[in-house]
Amino acid sequence: MVRTPLTPEERERGERLGALLREARGARSMVEVAAAAGLSAETLRKIETGRAPTPAFFTVAALAQALELSMDDLMRRCALVAAA
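Residues numbered from 1 in each chain as written. Predicted model: local features only at pLDDT ≥ 70, side-chain atom pairs only at ≥ 80, totals over all residues. Heavy atoms only, no water.

Chemist: I'd like a description of the nonpolar core, backed by residues and values.
Modeler: If you look at the biggest cluster of nonpolar residues, it comprises 19 residues, and the most contacted ones within it are Leu17, Leu21, Leu44, Leu63, Leu69 and Leu74. When contributions to this core are tallied by element, the ones reaching two or more residues are helix H1 (8-25), helix H2 (30-37), helix H3 (41-49), helix H4 (57-66) and helix H5 (71-83). Those residues within four positions of Leu63 in sequence are excluded, and the remaining contacts are Leu21, Val33, Ala37, Leu39, Leu44 and Ile47. (Core = buried A, V, L, I, M, F, W, Y, C linked by side-chain atoms within 4.5 Å. Buried < 20%, exposed > 50% of the residue type's maximum accessible area, 1.4 Å probe, protein only. Helix = DSSP H or I, 4+ residues; strand = E, 2+ residues; numbered from the N terminus. Contact = heavy atoms within 4.5 Å.)

Chemist: Talk me through the packing of H1 against H3; I want residue IDs and the actual numbers.
Modeler: When two helices pack together, their arrangement is given by the angle between the helix axes and by the axis-to-axis distance. Running from N to C, H1 and H3 point in directions that differ by 120°, and their axes come no closer than 6 Å. As the angle between them shows, H1 and H3 are arranged oblique. Residue-level inspection shows Gly14, Leu17, Gly18, Ala19, Leu21, Arg22 and Arg25 of H1 in contact with H3, the latter providing Leu44, Ile47, Glu48 and Thr49. When grouped by side-chain class, the residues that make up the contact of H1 with H3 number five nonpolar, three polar and three charged. (Axes fitted to C-alpha atoms, helices over the stretch in contact; angles between N-to-C directions. Parallel < 35°, antiparallel > 145°, perpendicular 65-115°, else oblique. Nonpolar A, V, L, I, M, F, W, Y, C, P; charged D, E, K, R; others polar.)

Treat this as a map of the structure, not an account of what it does.
Right, dumping it as structure tokens:
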């Protein structure tokens, strides 16, 4: 299966998501948060740096739970950054 190339908007949205997750992680280590979410540190690293701009819904949900963020709040914060 061939993936359709991402649009610039999709890439930008992935970068915003990564920045918000990195901010929410704060001083916690990447390894600690990834383990709490049931992910590898490399997966979290890719999401935070925008190299994985379209993570699966359940991956984002697991990270939101590990970081004590609501999905609604995460969505709103992404939208607010996009509108700015």
